[in-house]
Amino acid sequence: MKKIYVGLVASALFLNASAENWKPLAVNHSSPDDLSSSSVDDQVYIQPNTDQQLAPKQMSEAEFNKSLSLEYTAQKGKFENNIDADIKGGAIGISAVPTKNGIWSKFEFQKNDDYSADYYEASFGGQYNLVNLNGLYLTGTYGLGIGFAKVDGFDNSTFITVPVGLEAGYNFTPRFALFTGIGYKWAWDVSPSSTCNDGSSSNSVGSGTCSSHGGINHYNDNIGNFDGLTYKFGMRYNF
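Residues numbered from 1 in each chain as written. Predicted model: local features only at pLDDT ≥ 70, side-chain atom pairs only at ≥ 80, totals over all residues. Heavy atoms only, no water.

### Some details on the nonpolar core
Piece 1. Counting eleven residues, the largest nonpolar core is built from Phe79, Ala85, Ile87, Ala117, Tyr119, Ala149, Val151, Phe159, Ala187, Ile223 and Phe226.
Piece 2. Those residues in contact with alanine 117 that lie beyond four places of it in its chain are Gln110, Lys111, Asn112, Lys150 and Val151. (Core = buried A, V, L, I, M, F, W, Y, C linked by side-chain atoms within 4.5 Å. Buried < 20%, exposed > 50% of the residue type's maximum accessible area, 1.4 Å probe, protein only. Contact = heavy atoms within 4.5 Å.)

Structure follows, in structure tokens:
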């Protein structure tokens, strides 16, 4: 009986000591953080796979701005004194790509064997794209030029020209196109009318012409104005 009493006393002392050192676990009753309102710095980003390669960008004509052209040109010239003469040759030009609005410039050389005529012209102007559909295009052109002609039996002549036209073509690739065109050109002969004895020139033919230059040596035999339909076909390289 004594042993049982001693055991109960010892158990009571142990439980009392344990109760003094034991504290209840604190419980947090607050609501959880809203993940949608977390700051950018707290968000976790997944690094994209840098080993993946993008497909190469396909070339398109939109990437090009300029075009180099080589062409065959011809004009059915109607000259003064009811003379009709075709002049034919070639030209090289540079412009905006024909599927865009922009400017152009061109140098051309033409000739006529019947009159042993050589004709040179440098011109420039603007272009306006009218149609651009699946590689097909139609572009209108207008411009201003200066021409120079050497013809047997005539004095050398200088012209101011106004060309207009339509060009139609097809882009076989973004860089390469074939085209044809039709237009009209007016040319005004602005050559001097008279040559003085001192070698100078005058646009006058009346009384007093070359009076301060030793008088008139001769009146110039100018070619005169001309106009007519123009034709062309050629190829373009866009870059």
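There is more to say, and it comes next.
### A closer look at the sheet that holds strand β8 (residues 194–196)
Piece 1. The three strands are arranged β9-β8-β10 in an open sheet whose pairing can be described as antiparallel. In this open sheet, the two edge strands, each paired with only one partner strand, are β9 (201–202) and β10 (216–219).
Piece 2. Bridge count between β8 and β9: two bridges; the pairing is antiparallel. For threonine 195, the partnering residue across the bridge sits in β9 and is serine 201. (Pairing = 2+ DSSP bridges. Helix = DSSP H or I, 4+ residues; strand = E, 2+ residues; numbered from the N terminus.)

### Description of the sheet that holds strand β5 (residues 136–151)
Piece 1. On the basis of which strands lie adjacent, the closed barrel formed by eight strands has the order β1-β2-β3-β4-β5-β6-β7-β11 and antiparallel pairing. Each neighbouring strand pair of the sheet contributes to a mean axis angle of 25 degrees, computed without reference to strand direction.
Piece 2. Sheet topology note: the β5/strand β6 (residues 157–171) ladder contains twelve bridges and is antiparallel. Note on β6: the bridge partner recorded for tyrosine 137 is glycine 169. (Axes fitted to C-alpha atoms, helices over the stretch in contact; angles between N-to-C directions.)

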